[in-house]
Amino acid sequence: MFTRLGPWCHDRRKLVLVIWIVALFVGGGLSGVGDFRDEFNPPPSDSKDGLDLLEDSFGGEGTGFSGSIVFRAEQGVDDPEVQEAMQGLFDEVADQPNVLTVVSPYDGEAGARQISEQGDIAYATVEMPDDTTQPELIDIRDVIIEGTPDIDGLQVERGGIAFAEFENPSSEALGLAFAIVILILAFGSVLAMGLPVGVALFGIGIGTAIVTVLSLVLPVPQFATFLGVMIGLGVGIDYALLIVTRYREQLHRGHDVRESIAIAIDTAGRSVLFAGCTVVISLLSMMLIGVKFVQGLAVSSASVVAVTVAASLTLLPALLGFAGERVELTRRRGLIAAGFAAVALLGFGLKIIPLGLAAVALAIVVLVLGLFVPALKVEVPRREQKPRDQTFAYRWSRVVQHRPWIVAIGATVVLLVAAVPVLSLRLGFSDESNYADDTTTKKAYDLQAEGFGEGAAGPLLLVAALSDGSQLESLAGVEAAVREDPDVALVSPAQPNDPEAPTAVRWFVQPETGPQAEATANLVDRLRDDVLPPIETDSGVEINVTGSTAGSLDFSDYLQSRLPYFFVTVLALSFLLLMVVFRSVLVPLKAVIMNLLSIGAAYGIVVALFQWGWLSDLTGVQPAPIEPWAPMMLFAIVFGLSMDYEVFLLSRVREEWHRTGDSRTSVADGLAATAKVITAAAAIMVVVFGSFLLENDRVLKLMGTGLATAIFLDATIVRMLLVPATMELLGDRNWWLPRWLDRVLPTIDVEGHADDDVDEPDPDPEPALV
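**Digging into the overall build of the protein chain**
Next up, step 1: The helix and strand inventory of the protein chain stands at 26 helices and nine strands.
Next up, step 2: Evaluated residue by residue, the protein chain yields a buried proportion of 55% over its 770 residues.
Next up, step 3: Taking all contacts inside the protein chain whose residues are at least 6 apart in sequence as the whole, residues at least 24 apart take part in 81%.
Next up, step 4: Counting every atom, the protein chain has about 32000 Å² of accessible surface; 60% of that belongs to carbon and sulfur.

**Considering helix α14 (residues 392–402)**
Next up, step 1: Among all positions in α14, only A393, Y394, S397, V400 and Q401 are buried. Taken end-on, α14 shows its buried residues confined to a sector of 125°, consistent with a single buried face. Residues F392 and H402 are exposed on α14 and point more than 90 degrees away from its buried face.
Next up, step 2: For α14, the secondary structure elements touched by its buried residues are α15 (404–418), α24 (663–690) and α25 (698–730).

**Focus: the pattern of salt bridges**
Next up, step 1: Applying the stated criterion across every chain yields a total of 16 salt bridges.
Next up, step 2: The salt bridge involving D52 is made with K48; its shortest N-O contact spans 3.0 Å. With D52 and K48 both in helix α3 (residues 46–57) and four residues apart, this pair spans about one turn of that helix.
Next up, step 3: A residue is classified by how much of its surface remains accessible, and D52, at 34% relative accessible area, is partly exposed.
Next up, step 4: The salt bridge involving D437 is made with K442; its shortest N-O contact spans 2.8 Å.

**Re empty space enclosed by the protein**
Next up, step 1: As enumerated under the stated definition, the model contains five cavities of 30 Å³ or more in all.
Next up, step 2: In this model, the second largest cavity occupies a volume close to 50 Å³.
Next up, step 3: Lining the second largest cavity, in full, are L425, Y603, V606, V607, I626, P631 and L634.
Next up, step 4: Of all the secondary structure elements, the ones that give two or more residues to the lining of the second largest cavity are α21 (586–611) and α23 (630–660).
Next up, step 5: When residues of the lining of the second largest cavity are assigned to their parent elements, the largest contribution, three residues, is made by α21.

**Focus: a nonpolar patch on the surface**
Next up, step 1: A cluster of nonpolar residues, V18, V22, V26, L30, V213, L216 and V217, forms a patch on the protein surface that exposes about 560 Å² of accessible area.
Next up, step 2: At three residues, the largest contribution of residues to the nonpolar patch is made by helix α2 (residues 13–29).
Next up, step 3: Mapped onto the secondary structure, V217 falls in the loop between α8 (190–214) and α9 (224–252).

**Here we look at the environment of I151**
Next up, step 1: Positionally, I151 belongs in the loop between α6 (134–147) and β4 (154–159).
Next up, step 2: Expressed as a C-alpha distance, the spacing of I151 and A85, which sit 66 residues apart in the sequence, is 8.8 Å.
Next up, step 3: Those residues in contact with I151 that lie beyond four places of it in its chain are Q75, E81, V82 and A85.

**Points about the sheet that holds strand β1 (residues 65–73)**
Next up, step 1: Pairing within the open sheet is antiparallel, and its four strands lie in the order β2-β3-β1-β4. Only two strands of the sheet have a single partner each, and these edge strands are β2 (101–103) and β4. Taken pair by pair, the neighbouring strands of this sheet meet at an average axis angle of 15°, ignoring direction.
Next up, step 2: On top of the sheet, helix α4 (residues 80–94) reaches β1, β2, β3 (121–128) and β4; it is set at about 165° to β1, its chief contact.
Next up, step 3: Against the sheet, helix α16 (residues 440–452) engages β1, β3 and β4, with an angle of about 110° to β4.

**With respect to the packing of aromatic side chains**
Next up, step 1: Within this structure, the stated rule accounts for 10 aromatic pairs.
Next up, step 2: Both rings, one in F567 and one in F635, keep their centres 4.3 Å apart while their planes meet at 40°; by these two values the pair is tilted. One end of the pair, F567, is in helix α20 (residues 548–582); the other, F635, is in helix α23, with 68 residues separating them in the sequence.
Next up, step 3: Among the residues examined, F567 registers a relative accessible area of 22% and is labelled partly exposed.
Next up, step 4: With centroids separated by 5.4 Å and ring planes inclined at 25°, the aromatic side chains of W657 and W735 adopt a geometry described as stacked. Placement of the pair is W657 in helix α23 and W735 in the loop between α25 and α26 (739–744), with a sequence separation of 78 residues.
Next up, step 5: Connected via pairs of aromatic rings, a cluster forms that spans F71, F90 and Y106.

**A closer look at the side chain of Q114**
Next up, step 1: Structurally, Q114 can be placed in the loop between α5 (108–112) and β3.
Next up, step 2: Classification of Q114 by relative accessible area gives buried; the value is 2%.
Next up, step 3: A polar atom in the side chain of Q114 sits 3.1 Å from the backbone oxygen of V103.

**Quick look at the confidence of the model for the protein chain**
In regions of low pLDDT, the predicted coordinates are not meant to be interpreted in detail.
Next up, step 1: Of all residues in the protein chain, 85% attain a pLDDT of 70 or more, and the chain-wide mean is 82.
Next up, step 2: Summarising per-element confidence for the protein chain, the mean pLDDT is lowest in helix α13 (residues 355–371) (46) and highest in α15 (95).
Next up, step 3: Low pLDDT (under 50) marks residues 353–360, which in the prediction has seven contacts with non-local residues, meaning those over four places away or in another chain.
Next up, step 4: Counted against residues more than four places away or in other chains, residues 756–770, with its pLDDT under 50, gives 29 contacts.

**Let's talk about the packing of α23 against α25**
Next up, step 1: At a closest axis distance of 10 Å, the pairing of α23 and α25 adopts a crossing angle of 35°. In this structure, α23 meets α25 at a crossing whose hand is right-handed. From α23, A630, M633, L634, I637, V638, L641, S642, Y645, E646, L649, L650 and V653 reach across to α25, where they touch L702, M703, G706, L707, A710, I711, D714, R719, V723 and M727.

**Some words on unusual backbone geometry**
Next up, step 1: Positive phi, normally seen in glycine, also occurs at R583, with a value near 50°.
Next up, step 2: Relative accessible area serves as the criterion here: at 12%, R583 is assigned to the buried category.
Next up, step 3: The backbone of L615 shows a phi angle near 60°, a positive value even though the residue is not glycine.
Next up, step 4: Looking at where L615 falls in the secondary structure, it is placed in the loop between α21 and α22 (616–619).

**With respect to the pairing of β1**
Next up, step 1: Counting buried positions along β1 yields seven of nine residues, so the element is predominantly enclosed.
Next up, step 2: Pairing of β1 with β3, which is carried by eight bridges, proceeds in the antiparallel orientation. Bridged to F71 within β3 is A122.
Next up, step 3: Inspection of the sheet shows β1 paired to β4 by six bridges, in the antiparallel sense. Pairing of I69 across the sheet is with R158, part of β4.

**Quick look at α25**
Next up, step 1: Bending of α25 peaks at approximately 45° at the position of V718.
Next up, step 2: Within α25, 28 of the 33 residues are buried, which leaves it mostly tucked inside the rest of the structure.
Next up, step 3: With a side-chain oxygen positioned 3.0 Å from the backbone nitrogen of V699, the residue opening α25 is D697.

**A word on the packing of α2 against helix α11 (residues 292–323)**
Next up, step 1: Closest axis-to-axis distance for the α2/α11 pair is 9 Å, and the angle between their directions is 135°. Taken together, α2 and α11 sit at an angle that is classed as oblique. Classified by chirality, the crossing of α11 by α2 is left-handed. Along the contact surface, α2 presents R13, K14, V16, L17 and W20, while α11 presents V307, A310, A311, T314, L315, A318, L319, G321 and F322.
Next up, step 2: Its residues placed into classes, the contact of α2 with α11 shows 10 nonpolar, two polar and two charged.

Quick notes on the rules
Residues numbered from 1 in each chain as written. Predicted model: local features only at pLDDT ≥ 70, side-chain atom pairs only at ≥ 80, totals over all residues. Heavy atoms only, no water. Helix = DSSP H or I, 4+ residues; strand = E, 2+ residues; numbered from the N terminus. Buried < 20%, exposed > 50% of the residue type's maximum accessible area, 1.4 Å probe, protein only. Contact = heavy atoms within 4.5 Å. Areas by Shrake-Rupley, 256 points an atom, 1.4 Å probe, with all protein chains shown as cover. Arc of directions from axis to C-beta. Salt bridge = Lys/Arg side-chain N within 4 Å of Asp/Glu carboxyl O. 1 Å grid on protein atoms, 1.4 Å probe; cavity = no way out; pocket = protein on both sides within 12 Å on 5 of 7 lines; lining within 4 Å. Points joined across faces, edges and corners; volume = space filled by probe spheres on them. Patch = residues over 30% accessible without salt bridge, like charges linked within 9 Å, V, L, I, M, F, W, Y side chains within 5 Å. Pairing = 2+ DSSP bridges. Axes fitted to C-alpha atoms, helices over the stretch in contact; angles between N-to-C directions. Phe/Tyr/Trp six-rings, centres within 6.5 Å; stacked < 30°, edge-to-face > 60°. Polar contact = N/O pair within 3.5 Å; in protein donor to acceptor, adjacent residues only side chain to side chain. pLDDT = per-residue confidence, 0-100. Left-handed = near helix turned anticlockwise from the far one by under 90°. Bend = angle between axes of the 7 residues up to and from the residue. Parallel < 35°, antiparallel > 145°, perpendicular 65-115°, else oblique. Nonpolar A, V, L, I, M, F, W, Y, C, P; charged D, E, K, R; others polar.

Below, the structure written as structure tokens:
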């Protein structure tokens, strides 16, 4: 297939380009049909039983999305003008079709606890069904914004994640700006720079459209599209960079355009397909977790990667056919346009100029250059390629290979030390205290914490089913027993669902600490293990500890228990795939171990920055637990991307080994042939992923930091130190495979046939534009 794919796309490049353009426009038309939602299907747990009981006996109150309207009045919340205006807002919100209940601080005894002791801060709780969509939440939020009264001394804020305003990230523009600079430096050609960027943008545009469509049938969270942009931009440029590099290499060897495309797709294209499949398999392995939220992330991210791979293998050879040998040329006019594009993207990424203004300015510059500036004859000279054994990478490999034990042990120690913080990893959902100080979500949290304590943002619910009303008396000691715990700030009296014939009863418990605090998690454990069991034994009634905070803790525990199965699955599949490809047992074993080391080190740095709060003044990140789905998402993406470099490097090493039979020289030759492209690709991904550290959203910061760190460690310590050192130590044993296993395994060729003849051209191919 690969021997024909490149020539086919070259000969029918107009058709291929039209198909991709149509797909991009269709995808753009579908961008507004999404139904993104954060849907957690709670696993069996104590909190899940409690939620079911609340659904059956209390009309679902406390089981859906919840938000709050927090306000401060200098004249007091009981001021007649304030009370009339705020109650009018609460009534307007309660009339919305997707609102179940609004508990106002003015609702008699039920709302009295929602007014602070000083009487200047109060809040109302807003409950919505758990299937409320993102647009519906936005509609409710808009009603609150528009209905907020304008009274001197009155401050009104919206609390809770349900009402939080999500700012679309723009940091990918920063990554793209730096990618332009890095690619020009790596290629010395503006056109060669533009091809990987263009392919990546096509893949992202169509891939995110697919994610939008998937949100109609799967519970895909809102930030999945931005995660897809982050991944698609990184792998899209990565894959196209490898193919363009191999294409230019074939041009330098004297092949014509069509032959160079054919060889590039037949060699580098195979590696791209295999590497992309590894990433997709790693991501889809998260389906084993069995949680809808995680499954939505897995399918959407894998879709973006799959589309990007398809663009690299079909659209890129078509574009190379149009570019022809001009991919080797760089004119000053092109450098001016590329430089201005980088500056425009940088301005947008830093939020200095809006996207529309950046696009218009860039279009004007390109138009002026194209229509009024003649094609300058002065070209930036291209440096002649050095012989491979004179390159820095080759010499570096030989240095490492002369001291393999020192390098291998030293690099391993560095990675293990960086991974030490993982030993204190604590999984959990961060709360609203992690939002930026200028957001209404953080202001609402601070107001509520000031008036009622930090625990007011995440109360616990105790709920019990009653077989008859007489059991209610046997539970009279619950309130006193819970209040004695030092981490409990407030316990409400027992609230039966029906005063006359109760079938269930509940209590509200406010912790002293916030939802993300470790003390709150310990409190939940004590209630379940120490405080409530004696009462349950005496009364014969089971009491469930539930609510959003307890549910988040149980969800985190469930995901943590599933992580080992996920890790083993990804590692086993990756080992088998690499063993089939490289016909070796030790090469895939080394790859798995080294990738685990780099990922463990990246985890350690993430824990230090986001859980311990190191460098918080620089990063703007406050200490909080690590989101429970983040480790598996990071593992899937990073393990797949690190396998990219493994395949790129080792396929070239094996190609040289087959050619020379020298296992040691082949390592240096393979590293010299791939070091430049791996370094450029890694630098681009580090910048693309690392730029998300500039965003306000904690999740994007965490994912960007984890991905950038892992890629940096993998491309430097692993590829430049551990790989050549361990390959030197093992020598010819690198490629050992038992004969019986060699006969059983299927054959997958990712090296291609660079020296074979390519297909004959079509009888009437389209002329190359060279």
